[in-house]
Amino acid sequence: MATFISVPLKKSTEVDLVKPLSKFVTATYPQGEEQAEYLRAVEELNKLRKSALGRPLDKHESSLDILLRYYDQLCVVEPKFPFPELCLTFTWKDAFDKGSLFGGSVKLALACLGYEKTCVLFNIGALASQIASEQNLDSDEGLKAAAKNYQLASGAFAHIKDTVLSMLSREPTMDISPETAGTLSQIMLAQAQEVFCIKATSDRMKDAIIAKLAMQAADFYGDAFKQCQYKENLPKYFYFQEVLPVLAAKHCMMQATAELHQATLANQKKRFGEEIARLQHATELTKTVASRYDEYVNVKDLSDRISKALAAAKKDNDFIYHDRVPEVKDLDSIGKATLVKATAIQTPLSQKFTDLFEKMVPMAIQQAVSVSNQRKADTVNRLVGSLREATNLCNGVLASLNLPAALEDLSGDSVPQSILEKSRGVMSQGGLQSVEQLIKDLPELLTRNREILDESLKMLDDEETTDNELRAKFSQRWHRTPSGDLYKPLRAEGGNFRNVLDKAVSADQVVRERFNTHCEMIGLLCRPENELNAAIPSANPTKTLQGSEVVSVLRAELAQLDEVKQEREVLEGEIKSVTFDMTASFLTALAQDGAINEEGLSNGALNTHYGNHTERVQKSLRAQEDLLAKIQTSHQEFSALKQSTTEADAREEVLKKLAAAHDSYTEISSNLKEGTKFYNDLTEILLKFQNKCSDIVFARKTERDELLKELQQSIAREPSAPTFNVPAYQTGPCPPPGPGGPTPAPRTVFTPQPTPNAQATPPARPPPPSPTPSSTSTTTTPQPQPTQAKGPPARPPPPAVTPQAAPGAPPASSAPPAVGPPTGTNPPPMAPGASQAQGPPYPSYQGYPGYYQMPMGYNPYMYGGQYPTQMPYMPYQTPPGQGGYPTAPNQPTSHPYPYPQQPGQQQPYYPQQ
């Protein structure tokens, strides 16, 4: 009775996890102990996969634990690596498809970790079913292990049923489809219930309990049988064709077991008629199993028990109780008791599991941290930008007022001290040549970045073009994800890089135009002091203003403004030095809520760390605004006291330009250095983007080659011609040969004359000419010799033999025809009414010229006249009313008439044996 069903394992191809995962680790984490630890973990994960999938697994708990540990690792690794970007392709074969003579089994390759998890979970269920089937059910430990593993297998298949479509981006293979997984889960659950029924019997539990357990097992088996029977896709598997009779037999046997124990309960309650009725029903069930499914299950023990119980019950009832035996339909239904349920798949499944990447945060955390860092950078840039913008505004206002140079130039004939300091500052930074060199280098950096980006996108375009061409060629057979859909994130990223480069080009143009505006004055600041003094126009001295109160106030206000600018530099450094890490906060939020409110958490942290700095920035801006207003008022009073002459105005204008040129030089130099750093940093980012594109294109190429190989094998397995119905004469037994007749094996073709009693003569065929019978020979006009096809030389014609009249035909002459020497011409036709020589009848299809026996001495591989030209023939007689077989293609024939064909079918050249 204990015939249990197990599931075969899926097989996978080898996958190198080390290279892509290590590449991500080295690109994401800086060199150090942390990176080295992650690289070691990657090696361990790769070894674990090889142990779980790269070798045959024993039907033992230790092998199952390896699969469980690998599945647990996949579950914890999935959120920590960007597997869609790594383009790791996993290939698995269909567990139930055994392939064919001309190709391998069906397999599917997907760049999806969810697919790998699903297939590993299928193997967990399959191996658990195999381990359970190997248990010794005579021991209590074996029963417990079998029940546990069957429930684990049921839970694994049920989990696949519920999650496979959401995990995969395309239709799965049939073995992991929801229909197949659901059916397997039901089968495993039924077997677990049966194990509990066996355990209840061995523990001598009450018959009522055992009957309910058996009835529930029968119900589970019945549901599984219906799922197999009514799922159109499942019976095509040979596996399910073998499973179906076992399920049907188990359904009947568990019902019989329930009836047997319920009959015992009826006996205990003195309901002897019910006892007999139930035993009779159980007997009918076991007879059904024995007659239909005897080769799949052994029902003898159960049948013997039921037979003995029925005989004893009938004997007691006939002689003692005389209780009426009710109909089966009038019996009370047996209740059901469920003691099994599918094991929920909750990680970790293995008790020996340890997270290899425990310190690595999930990708959701990494992404949240990345967005938070971007928010932090935006805040810093906003605050620093406000400070720098205020400084630029201050410098511009002072330059327009020619301050502080106007206060220092009271003599009117020397270079102001502030201008000299600005000149020394410009020359210390490299002067005009450094700026020109930076401007010259920018186009080269831009071109390099554009070339990297264009090459990256070109790889995607070329692969997508190839994919579209193959999709158009193979249509529905090209069932992998379209490249256009897969590359959307990469193309969006590439589009962002292109927009960034376009904005950078615009910014470079603005800087270049600004440099061209101040180029002359910057060059003037780079000259020696004597040349600079000579280039500045002289003006009338205004020494009388040196002791003026207006000058003192203006100098005091400028000193306050310098203090504000110095404080601003300190504040900018403090803002840039603020550091904080949001990882711990995000991990806590993910653990508590299962999700991360990145915006709320990040804004709260930014307010905490930058709130004070924001207030100080606003205070600095307000102080500058007040001071500039006072300076402008004081400057108006100062200008009113100065002697306004043409020379003075010209000198002041040059000094203003020199001050503005210094400020522009400082800003342009800073912008160009930032631009250079930007392009260099962008080059590294673009190289990573290029590597990402290269990796995914290589993975797609590997997947494409694999799919092309599968398509070639699939096309090779397809039939090369449409199916056709085999004629009845080819499937029926051949009549035995006559005495002394040769074996009807190798046959060749020649064209006999039709017999007058042929039953199926084509309408287009004219009647044969009336020959003149002769006592010695039969002659007619020779038929034209057909064109000889390439190949072996033509065989000589068969000798004339004594014809035998067909039934109902006039008798032929009794004198044998003369046999002349063989010649190369066509033989004369036989007389009408004469058939071929006597021999064992060989069935042939009506209307076709017949095949005749080739003597065993003939060697069909001897070409070029190497076989004898004169060989005796032993023709067989075509049965009356039938024609022969069709000639082979490209063989010469002298028959001028078309051969009849069955409508709508292509007849084979040779009969199918």
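All of these numbers come straight from a predicted model, not from anything done at the bench. (Residues numbered from 1 in each chain as written. Predicted model: local features only at pLDDT ≥ 70, side-chain atom pairs only at ≥ 80, totals over all residues. Heavy atoms only, no water.)

Visitor: For the overall build of the chain, give the residues involved together with the corresponding values.
Guide: In terms of regular secondary structure, the chain is built from 23 helices and four strands. A buried classification covers 43% of the 913 residues belonging to the chain. Contacts in the chain between residues at least 24 apart in sequence constitute 84% of all its contacts with a sequence separation of at least 6. Accessible surface computed for the chain: about 48,300 Å², of which carbon and sulfur atoms make up 53%. (Helix = DSSP H or I, 4+ residues; strand = E, 2+ residues; numbered from the N terminus. Buried < 20%, exposed > 50% of the residue type's maximum accessible area, 1.4 Å probe, protein only. Contact = heavy atoms within 4.5 Å. Areas by Shrake-Rupley, 256 points an atom, 1.4 Å probe, with all protein chains shown as cover.)

Visitor: Go over the nonpolar core, please, and point to the residues and values.
Guide: One finds Phe81, Tyr115 and Phe122 to be the most contacted residues of the largest nonpolar core, which totals 102 residues. The leading source of residues in this core is helix α5 (residues 113-133), at 12 residues. When residues no more than four places from it in sequence are discounted, the contact partners of Tyr115 are Phe90, Trp92, Leu108, Leu110, Leu168 and Ile176. If you look at the next biggest cluster of nonpolar residues, it comprises 46 residues, including Leu457, Ala504, Met521 and Phe689. (Core = buried A, V, L, I, M, F, W, Y, C linked by side-chain atoms within 4.5 Å.)

Visitor: So what's going on with a nonpolar patch on the surface? Which residues, and what values?
Guide: A grouping of Phe319, Ile320 and Tyr321 is seen on the molecular surface, where their side chains present a nonpolar patch of about 370 Å² in accessible area. Residue class for Phe319 comes out exposed when judged on its relative accessible area of 69%. (Patch = residues over 30% accessible without salt bridge, like charges linked within 9 Å, V, L, I, M, F, W, Y side chains within 5 Å. Salt bridge = Lys/Arg side-chain N within 4 Å of Asp/Glu carboxyl O.)

Visitor: Any details on the pattern of salt bridges? Residues and values, ideally.
Guide: Per the counting criterion, the structure on display carries 36 salt bridges. For Arg69, the salt bridge goes to Asp65, with nearest N and O atoms at 3.4 Å. Residue Arg69 and its partner Asp65 are located together in helix α3 (residues 61-77), separated by four residues, close to a single helical turn. A relative accessible area of 27% means that Arg69 is categorised as partly exposed. A salt bridge links Arg700 to Asp467; the nearest nitrogen and oxygen atoms lie 3.8 Å apart. Residue Arg700 is located in helix α22 (residues 646-717), and its partner Asp467 is located in helix α15 (residues 431-474); the two are separated by 233 residues in the primary sequence. The pair formed by Arg700 and Asp467 is uniform in burial state, with each residue classed as buried. If you follow the salt bridges from partner to partner, you end up with Asp140, Lys144, Lys199 and Asp203 in one network.

Visitor: Run through the environment of Ile160, naming residues and quoting values.
Guide: You can see Ile160 is positioned in helix α6 (residues 140-167). For Ile160, a relative accessible area of 1% gives the class buried. When sequence neighbours within four positions are dropped, the list of residues in contact with Ile160 reads Thr118, Leu121, Phe122, Ile176 and Ala181.

Visitor: Tell me about the packing of α3 against α5, residues and numbers included.
Guide: At a minimum axis distance of 10 Å, the contact between α3 and α5 shows a crossing angle of 160 degrees. Considered as vectors, α3 and α5 are oriented roughly antiparallel to each other. Between α3 and α5 lies a crossing of left-handed hand. For the pair formed by α3 and α5, the contact residues are Glu61, Ser63, Leu64, Leu67, Leu68, Tyr70, Tyr71, Leu74 and Cys75 on the first element and Leu113, Glu116, Lys117, Val120, Leu121, Asn123, Ile124, Leu127, Ala128 and Ile131 on the second. Here the residues of the contact of α3 with α5 are counted per class, giving 14 nonpolar, two polar and three charged. (Axes fitted to C-alpha atoms, helices over the stretch in contact; angles between N-to-C directions. Parallel < 35°, antiparallel > 145°, perpendicular 65-115°, else oblique. Left-handed = near helix turned anticlockwise from the far one by under 90°. Nonpolar A, V, L, I, M, F, W, Y, C, P; charged D, E, K, R; others polar.)

Visitor: Residue-level account of helix α20 (residues 583-593), with values.
Guide: Taken as a whole, α20 has its buried residues at Thr583, Phe586 and Ala589. On an axial view of α20, the arc spanned by its buried residues comes to 130 degrees, and they lie on one face. Facing away from the buried side of α20 by more than 90 degrees, the exposed set consists of Ala584, Ala591 and Gln592. Positive phi shows up at Gly594, right after α20, with a value of about 80 degrees. (Arc of directions from axis to C-beta.)

Visitor: Just give me the short version of the side chain of Lys107, but keep the residues and values in it.
Guide: As for its placement among the helices and strands, Lys107 is situated in strand β2 (residues 107-110). Under the relative-accessibility criterion, Lys107 is labelled buried at 16%. Residue contacts for Lys107: discarding those within four places in its chain leaves Thr91, Trp92, Lys93, Asp94, Glu706 and Glu710.

Visitor: An account of the packing of helix α10 (residues 272-292) against helix α11 (residues 300-321) is needed here, citing residue identities and associated values.
Guide: One can describe the packing of α10 onto α11 by two numbers: an axis separation of 9 Å at closest approach and a directional angle of 150 degrees. If you check the angle between α10 and α11, you find them roughly antiparallel. Considering only the axes of α10 and α11, their crossing is left-handed. For the pair formed by α10 and α11, the contact residues are Phe272, Glu275, Ile276, Leu279, Gln280, Ala282, Thr283 and Thr286 on the first element and Leu302, Ser303, Ile306, Ala309, Leu310, Ala313, Lys314, Asn317 and Tyr321 on the second. Among the residues forming the contact of α10 with α11, the class breakdown is 10 nonpolar, five polar and two charged.

Visitor: Tell me what's going on with unusual backbone geometry, and back it up with residues and numbers.
Guide: Omega for the peptide link from Thr347 to Pro348 comes to 0 degrees, which places this bond in the cis form. Mapped onto the secondary structure, Pro348 falls in the loop between α11 and α12 (363-400). Backbone geometry at Arg204 places phi at a positive 55 degrees, although glycine is not the residue there. You can see Arg204 is positioned in the loop between α7 (178-202) and α8 (207-230). The residue Lys270 is not glycine, and still its phi comes out positive at about 65 degrees. On the basis of relative accessible area, Lys270 is assigned to the exposed category, the value being 60%.

Visitor: Explain the pairing of β2 to me, and be specific about the residues and the numbers.
Guide: Along β2, one buried face is formed by Lys107 and Ala109 and the opposite face, lined by Leu108 and Leu110, is buried too. Note: strand β1 (residues 90-93) against β2, four bridges, orientation antiparallel. Pairing of Thr91 across the sheet is with Ala109, part of β2. (Pairing = 2+ DSSP bridges.)

Visitor: Please provide a residue-by-residue account of the confidence of the model for the chain, values included.
Guide: The share of residues in the chain with pLDDT of 70 or more is 74%, and the mean pLDDT across the chain is 77. The low-confidence segment residues 737-766, where pLDDT is below 50, has 62 contacts with residues more than four positions distant or belonging to other chains. A low-confidence stretch, residues 768-792 (pLDDT under 50), is modelled with 33 contacts involving residues beyond four sequence positions or located in other chains. (pLDDT = per-residue confidence, 0-100.)

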